[in-house]
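# Reading the structure
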Amino acid sequence: MELGLLYSGGKDSTLAALLLDEFYDVTLVTGHFGVTDDWKHARNTAESVDFAFERLDLDPDVAREAVDRIREDGFPRNGIQRVHRHALERLAEQGFDAIADGTRRDDRVPTVSRAQAQSLEDRHGVDYIAPLSGFGRTAVDRLVDAHLKVTVGPSEAIDRADYEAELRALIAEADGPGRVADLFPAHDQTYVTDVR
């Protein structure tokens, strides 16, 4: 069965791919708005961990809506959640038997509720799978340490292909880099370089 996994090149989505590979023909799929070429980082990681890769075009209007929401809220949660829902919808339209993401049990954003998952499945005739939904951060970190080579650092310094990178770029372009720091709390990101 063919499965499309939303993919950033980070530890969670890469670990999800490794777990799903036992049961599915996994294609790593990175959504992008065309704002930056950060999707290439995910393609490079997909190649290094030996998975098929596809780029998924997302609606630029959704990025603008997300940026407006982030500005209005003063924090990124709801904007990123909007983008994730859109990316899952687009992925579900691509003809895969199943779709998945790297959301963990204790993630604050993005999340997918049971009702949202069932709606995706019913409307698109796909299975939605969240293989890390039973794993907490510590369990994920232990598995990652055992199976992946990872670069870790501040969000603004790590090459990655997640939604946040393009949303940050849009905000920086419109309001300046200082505004990005006001809206996005400092946190570390990961970028997978290889499998152990």
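The name an unreviewed UniProt entry assigns to the protein chain is Alpha hydrolase, from the organism Halosolutus amylolyticus.

Another point: the overall build of the protein chain. Helix and strand content of the protein chain: eight helices and seven strands. In terms of C-alpha radius of gyration, the protein chain reaches 16 Å, essentially the compact-globule figure of 16 Å for 196 residues. The C-alpha extent of the protein chain, read off along each of the three principal axes, is 45 × 40 × 30 Å. Looking at the protein chain as a whole, 48% of its 196 residues qualify as buried. Intrachain contacts of the protein chain at a sequence separation of at least 6 include 77% that bridge at least 24 residues. As presented, the protein chain carries roughly 9500 Å² of accessible surface, and 44% of it is formed by carbon and sulfur atoms.

Attention now moves to the side chain of Asp101. When you line up the elements, Asp101 lands in the loop between strand 4 (98–100) and helix 5 (114–124). In terms of polar contacts, Asp101 uses its side chain to reach the side chain of His84, at 2.9 Å. Looking at Asp101, its side chain comes within polar contact range of the side chain of Tyr128, at 2.9 Å. In contact with Asp101, not counting residues within four places along its chain, are Leu5, Leu6, Ala16, His84, Leu88, Val112, Tyr128, Ile129, Ala130 and Pro131.

This paragraph deals with the pattern of salt bridges. The full count for this structure, using the stated rule, is 14 salt bridges. Of the charged contacts in the structure, one is a salt bridge between Glu65 and Arg82, with a shortest N-O distance of 3.0 Å. Here Arg82 lies in helix 4 (residues 77–92) and Glu65 lies in helix 3 (residues 60–73), a separation of 17 residues in the sequence. Overall, Arg82 belongs to the partly exposed group, its relative accessible area being 28%. Measuring nitrogen to oxygen at the nearest pair gives 3.0 Å for the salt bridge that ties Arg69 to Asp73. Here Asp73 and Arg69 lie together in helix 3, a separation of four residues that amounts to about one turn.

Okay, the nonpolar core next. In terms of nonpolar packing, the biggest core is built from 30 residues, with Val83, Leu91, Ile99, Tyr163, Leu167, Ile171 and Phe184 touching the most fellow members. Counting residues per element, the ones that place at least two in this core are helix 3, helix 4, helix 5, helix 7 (163–175) and helix 8 (177–183). If we skip the residues at most four places from it in the chain, Ile171 touches Val67, Ile70, Gly176, Arg179, Val180, Leu183 and Phe184.

It is worth spelling out the packing of helix 3 against helix 4 at this point. Close contact between helix 3 and helix 4 brings their axes to 7 Å; oriented N to C, the two are set at 160 degrees. Judged on the interaxial angle alone, helix 4 and helix 3 are roughly antiparallel. The interaxial crossing formed by helix 3 with helix 4 has right-handed handedness. Taking contact as the criterion, the partners of Val62, Glu65, Ala66, Arg69, Ile70 and Asp73 in helix 3 are, on helix 4, Asn78, Gly79, Arg82, Val83 and His86. A class-by-class count of the residues in the contact of helix 3 with helix 4 yields four nonpolar, three polar and four charged.

A word on a negative patch on the surface. A surface patch of like charges, here negative, comprises Glu2, Asp21, Glu22, Asp25, Asp50, Asp97 and Asp127. Looking at where Asp50 falls in the secondary structure, it is placed in the loop between helix 2 (39–48) and strand 3 (52–57). A residue is classified by how much of its surface remains accessible, and Asp50, at 70% relative accessible area, is exposed.

Take the packing of helix 3 against helix 7 next. Two numbers describe how helix 3 lies on helix 7: the axes approach to 10 Å, and their chain directions differ by 70 degrees. With respect to helix 7, the element helix 3 is oriented roughly perpendicular. Crossing angle aside, the handedness with which helix 3 passes helix 7 is right-handed. Of the residues in helix 7, those in contact with Ala63, Ala66, Val67, Ile70 and Arg71 of helix 3 are Leu167, Leu170, Ile171, Ala174 and Asp175. The residue inventory of the contact of helix 3 with helix 7, partitioned by class, reads eight nonpolar, no polar and two charged.

The rules behind each value
- Numbers given for residues are sequential positions, taken from 1 along each chain in its written order.
- Residue-level local features of this predicted model are given only where pLDDT is at least 70; pairs of side-chain atoms are given and counted only at 80 or more, and the full residue set underlies all totals for whole chains, interfaces and linings.
- The basis for every side-chain value is the complete set of non-hydrogen atoms in the structure, without hydrogens or water.
- Starting at the N terminus, helices and strands are each numbered in turn, a helix being any DSSP run of H or I of at least four residues and a strand any DSSP run of E of at least two.
- To get the radius of gyration, use the C-alpha atoms; to get the globule rule, take the number of residues to the power 0.38 and multiply by 2.2 Å.
- Exposure categories follow from relative accessible area, calculated using a 1.4 Å probe and restricted to protein chains: below 20% of the type maximum is buried, above 50% is exposed, and the middle band is partly exposed.
- For this analysis, residues touch if any pair of their heavy atoms sits within 4.5 Å.
- In short, Shrake-Rupley with a 1.4 Å probe defines the accessible areas, and a residue's cover is counted only from the protein chains shown.
- Definition of a polar contact: a pair of N or O atoms within 3.5 Å, with one able to donate and the other able to accept a hydrogen when the atoms are protein atoms, and with sequence-neighbouring residues admitted only if both atoms are side-chain atoms.
- The rule for a salt bridge is simple: a side-chain nitrogen of Lys or Arg has to be within 4 Å of a carboxyl oxygen of Asp or Glu.
- Buried residues of nine kinds, namely Ala, Val, Leu, Ile, Met, Phe, Trp, Tyr and Cys, make up a nonpolar core once their side-chain atoms join them within 4.5 Å.
- Note on definitions: angles span 0 to 180 degrees between N-to-C directions of axes, and those axes are lines fitted to C-alpha atoms, for helices only across the stretch in contact.
- Roughly parallel covers angles under 35 degrees, roughly antiparallel covers those over 145, roughly perpendicular covers 65 to 115, and oblique covers all other angles.
- It is the rotation of the near helix from the far one that decides the hand of a crossing: anticlockwise by less than a right angle makes it left-handed, clockwise makes it right-handed.
- Any residue that is not Ala, Val, Leu, Ile, Met, Phe, Trp, Tyr, Cys, Pro, Asp, Glu, Lys or Arg is counted as polar, Gly included; the first ten are nonpolar and the last four charged.
- Patch definition: residues with relative accessible area over 30% and no salt bridge; like charges joined within 9 Å; nonpolar side chains (Val, Leu, Ile, Met, Phe, Trp, Tyr) joined within 5 Å.
- In this tally, Asp and Glu contribute negative charge and Lys and Arg positive charge; neither His nor the terminal groups of the chain are included.
- Throughout, a charge is located at the NZ atom of Lys, the CZ atom of Arg, the CG atom of Asp or the CD atom of Glu.

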